[in-house]
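Coordinates in review
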Amino acid sequence: MEIKKSRKADLQNKRGLLLEIGLVVSLGLVILAFWYTPKERKIEKLDLQTAIVEEQITEITRQDQKPPEPPKKVEVKVIADLLQVVTNDTKITTEVDFAEFDENTEVIQQVEVQEEEIEDDQPFLIAETMPSFQGGDLNTFRTWVQQNVRFPQIALENGIQGRVVLTFVIEKDGRLTNIEVLQTPDRSLSEEAIRVLSKSPKWSPGKQRNQAVRVKYTLPVDFRVQQ
């Protein structure tokens, strides 16, 4: 007798259905696993290296205030020896010689007069006796300068003319020093003026309280072309 397998009992026909059912169940389990979240627990880690600092309470010390000292008593002693009460009949003797106070005696008071020291480095602008040049004053010296200056050729060619203002000092020995130019229209004119002043003869020095002093002068020198 040949055995025949029934198609209804053959599980191979339901293989696809069972596979789909298995996939659906697996998917459902995965979704449930994602939905389930356990409670989070936080664990704090203690820093063992941190030391606990204890606050120290400092006691406030108060100084005992001393009561103010009582004012010291000041004793005032009356010197009775300075005043001596006497009667009108008592004669008083003194050691003062009244002969020194004779009316005919002339009292001469001697006062020491110290002469004023004059600084050597500081020149005077005005002295009691001003310096003199060849028996004259500053105008005499200016005339001598104007007679000895020569008009520079370079200034003459360029048509340069004008006034040069200089300062200088008359020393105690009559020499002329410290020549400085205050104003000049051109360098060539000032150099010519300095050349002439440096060749000046000696002056008679100025005096202050009968002492020779340094005196400072200001001198204008004109450079004009005569037409």
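Residues numbered from 1 in each chain as written. Predicted model: local features only at pLDDT ≥ 70, side-chain atom pairs only at ≥ 80, totals over all residues. Heavy atoms only, no water.

1. Comments concerning the packing of helix H2 (residues 138–148) against helix H4 (residues 187–198)
- For the pair H2 and H4, interaxial distance at closest approach is 10 Å and the crossing angle is 120 degrees. One way to sum up the angle between H2 and H4 is to call them oblique. The way H2 lies across H4 gives a crossing that is right-handed. On the side of H2, the interface is formed by Phe141, Trp144, Val145 and Asn148, while H4 contributes Glu192, Arg195, Val196 and Leu197.
- Considering only residue class, the contact of H2 with H4 consists of five nonpolar, one polar and two charged. (Axes fitted to C-alpha atoms, helices over the stretch in contact; angles between N-to-C directions. Helix = DSSP H or I, 4+ residues; strand = E, 2+ residues; numbered from the N terminus. Parallel < 35°, antiparallel > 145°, perpendicular 65-115°, else oblique. Left-handed = near helix turned anticlockwise from the far one by under 90°. Contact = heavy atoms within 4.5 Å. Nonpolar A, V, L, I, M, F, W, Y, C, P; charged D, E, K, R; others polar.)

2. As for the UniProt feature "transmembrane region" (unreviewed entry) in the chain
- Per the UniProt record, the feature "transmembrane region" (unreviewed entry) sits at residues 16–36.
- For residues 16–36, the end-to-end C-alpha separation is 31 Å, with 95% helix and 0% strand making up the annotated structure. (UniProt positions renumbered as here; feature names shortened; annotations may be inferred.)

3. Some words on the packing of aromatic side chains
- Evaluation of the coordinates by the stated rule reveals 10 aromatic pairs.
- On the basis of an interplanar angle of 80 degrees and a centroid distance of 6.0 Å, the ring pair of Phe151 and Phe223 is categorised as edge-to-face. Within this pair, whereas Phe151 is found in the loop between H2 and helix H3 (153–157), its partner Phe223 is found in strand S5 (residues 215–223), the two being separated by 72 residues in sequence.
- Among the aromatic side chains, those forming a connected cluster through ring pairs are Phe133, Phe141, Trp144, Phe168, Trp203 and Tyr217. (Phe/Tyr/Trp six-rings, centres within 6.5 Å; stacked < 30°, edge-to-face > 60°.)

4. A short note on unusual backbone geometry
- Although it is not a glycine, Gln134 sits at a positive phi angle of roughly 55 degrees.
- Even without glycine at this site, Asn178 takes up a positive phi of about 55 degrees.

5. Regarding the confidence of the model for the chain
- Across the chain, the average pLDDT comes to 77, with 58% of residues at 70 or higher.
- Low confidence marks residues 76–83, where pLDDT is under 50. Its contacts with residues over four positions away, or in another chain, come to zero contacts. (pLDDT = per-residue confidence, 0-100.)

6. Let's talk about the pattern of salt bridges
- Overall, the coordinates contain six salt bridges when judged by the stated rule.
- Residues Arg163 and Asp222 are paired through a salt bridge, measuring 2.6 Å at the closest nitrogen-oxygen approach. Taken as a pair, Arg163 in strand S1 (residues 162–170) and Asp222 in strand S5 lie far apart in primary sequence, 59 residues in all.
- Salt-bridge contacts for Arg187 lead to Glu191; the nearest nitrogen and oxygen are separated by 2.9 Å. Of this pair, Arg187 and Glu191 both sit in helix H4, four residues apart, roughly one helical turn.
- For Glu191, a relative accessible area of 44% translates into the label partly exposed. (Salt bridge = Lys/Arg side-chain N within 4 Å of Asp/Glu carboxyl O. Buried < 20%, exposed > 50% of the residue type's maximum accessible area, 1.4 Å probe, protein only.)

7. Thoughts on the sheet that holds strand S2 (residues 176–183)
- A sheet is described by the order of its strands in space; here three strands give the open sequence S2-S1-S5, paired in antiparallel fashion. Each edge of the open sheet carries a strand with a single partner, namely S2 and S5. Sheet twist, expressed as the average angle between the axes of neighbouring strands with direction ignored, equals 25 degrees.
- Of the strand pairs in this sheet, S1 and S5 are connected by nine bridges, and their pairing is antiparallel. Bridge pairing links Ile170 to Val215 in S5.
- Relative to the sheet, H2 contacts S1, S2 and S5, its axis offset from that of S5 by approximately 40 degrees.
- Set on the sheet, H4 makes contact with S1, S2 and S5; between it and S1 the angle comes to about 35 degrees. (Pairing = 2+ DSSP bridges.)

8. Focus on H4
- With 12 residues, H4 extends 16 Å between its outermost C-alpha atoms, agreeing within 8% with the 16 Å of an ideal straight helix rising 1.5 Å per residue.
- Buried residues of H4: Ser188, Leu189, Ser190, Glu192, Ala193, Val196 and Leu197, and no others.
- On its buried face, H4 is in contact with H2, H3, S1, S2 and S5. (Expected span 1.5 Å × (residues − 1).)

9. Digging into the environment of Thr184
- Among the structural elements, Thr184 can be located in the loop between S2 and H4.
- Among the residues examined, Thr184 registers a relative accessible area of 33% and is labelled partly exposed.
- Linking Thr184 and Arg163, residues 21 residues apart in sequence, is a C-alpha distance of 6.3 Å.
- There is a polar contact of 2.7 Å between the side chain of Thr184 and the backbone oxygen of Asp186. (Polar contact = N/O pair within 3.5 Å; in protein donor to acceptor, adjacent residues only side chain to side chain.)

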